[in-house]
Structure formats: C-alpha cells, structure tokens
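Listed here are the chains, written in short residue letters.
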Amino acid sequence: MGFMLGDDQTPARLHVLTTYSGALNTHTLELIVIGQQTWQRIQGEPWVLKPGNVDVAAQVMPFLPHVANTSAVMDRSALRWYDNQTNTDIVLDVDTGTGVPRQMQQVARIGAPTFTVNYGGWNTPVSIDAPEMK
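Trainee: How do you make sense of the confidence of the model for the protein chain when you look at a structure like this?
Mentor: Mean pLDDT over the protein chain stands at 87; residues scoring 70 or higher make up 98%. Taken element by element, the predicted model of the protein chain shows its lowest mean pLDDT in strand E6 (residues 73-75) (75) and its highest in strand E4 (residues 37-42) (95).

Pasting the structure below:
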C-alpha cells in the first residue's frame, strides 16, 4: 500500500495491491484511487474505471497505529497497549533511533486471527499515477 492523504492543492492518492492466498488458489486485486476516480484490476487483467467515491483516509487508517486513551508501555523497541474497542492486544515495533514504525501486530483476545502490518518507506515520497487504460 502506498498513499498520500493530500491537501487543498493535491488530491488524495492510494495504491493497494492485495493478495489472498487460500488452500486452492491465490487471488490478486489492485486498486488505484486519485481524488474522485478509482480504478481496479483483478488477476492482472486490464484496468477498469469504477463508479463511486473511495475515502482514502478511511482505507488507510486501519493500517496505522492509534494509541489513544490507553496505558501504552514502551518495552525496548516496542510500544504495547490494549485496545478495548477491538478487544486486541497491540504491539508496535519501532526503530529506537528514528521512532519510525517497523511493524504493528494486533492479537485478538477471543478467537480472531492475528492482524500484522509491516511498514516500509515510512514518510518517503510516493508517486501514484492513473493507470494506462487499454
């Protein structure tokens, strides 16, 4: 996932490549959003312009750490806290020299799978352009 939340002069941009792996097959979905336009392609097929509006911030926020109203504890290079809204224990691994996040892991206390986000290129410029339509 690459994104820019945008501002008054620059529209929000998002590029997501998702791979779903199951016992029988693997499925890929790619999405590009620039301002009010959204393109999608499945399994490397041609891009399709999709109707509707995608809120880039709403798509990105679940993948970013949110430490609010918690008793977060710093342990070596990890910040740990409990999120009562999702009933998960969260560990945010950070580079102690720069404070840049490296990985966030959410572990549900009751029966849900672990959710892991690996960060790379934090705060580095990204270029997200409209796809070439064929």
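From this point, the narrative continues.
Trainee: What should I look at first to understand the sheet that holds E4 in this one?
Mentor: In any sheet, the strands associate via hydrogen bonds between backbone groups, in a parallel or an antiparallel arrangement. Taking strand neighbours across the sheet as the criterion, the five strands line up as E1-E2-E3-E4-E5 in an open arrangement whose pairing is antiparallel. Looking at strand neighbours, the two that pair on one side only are strand E1 (2-4) and strand E5 (48-50), the edges of this open sheet. Direction aside, neighbouring strands of the sheet carry axes that sit 25° apart on average. Relative to E4, strand E3 (residues 26-34) is paired through six bridges, and the arrangement is antiparallel. Opposite Val 33, over in E4, you have Thr 38 as the bridge partner.

Trainee: Help me understand the packing of aromatic side chains, please; the structure alone is not making it clear to me.
Mentor: How two aromatic rings sit relative to each other is set out by the distance from centre to centre and by the angle between their planes. Under the defined criterion, the tally for this structure stands at two aromatic pairs. Ring centres 5.2 Å apart and planes at 85° place the aromatic pair Tyr 119 and Trp 122 in the edge-to-face group. We classify Tyr 119 as buried; its relative accessible area is 17%.

Trainee: What exactly am I supposed to notice about the sheet that holds E6 here?
Mentor: In space, the five strands of this open sheet follow the order E6-E7-E8-E9-E10, with antiparallel pairing throughout. Edge positions in the open sheet fall to E6 and strand E10 (115-118), since each of these has one partner strand only. Along the sheet, successive strands turn relative to each other by an average axial angle of 15°, direction set aside. Where strand E7 (residues 78-83) meets strand E8 (residues 88-94), six bridges bridge the pair, whose relative direction is antiparallel. When the bridges of E8 are listed, Arg 80 appears paired with Val 91.

Reading guide: rules and limits
- Residues numbered from 1 in each chain as written.
- Predicted model: local features only at pLDDT ≥ 70, side-chain atom pairs only at ≥ 80, totals over all residues.
- Heavy atoms only, no water.
- pLDDT = per-residue confidence, 0-100.
- Helix = DSSP H or I, 4+ residues; strand = E, 2+ residues; numbered from the N terminus.
- Pairing = 2+ DSSP bridges.
- Axes fitted to C-alpha atoms, helices over the stretch in contact; angles between N-to-C directions.
- Phe/Tyr/Trp six-rings, centres within 6.5 Å; stacked < 30°, edge-to-face > 60°.
- Buried < 20%, exposed > 50% of the residue type's maximum accessible area, 1.4 Å probe, protein only.

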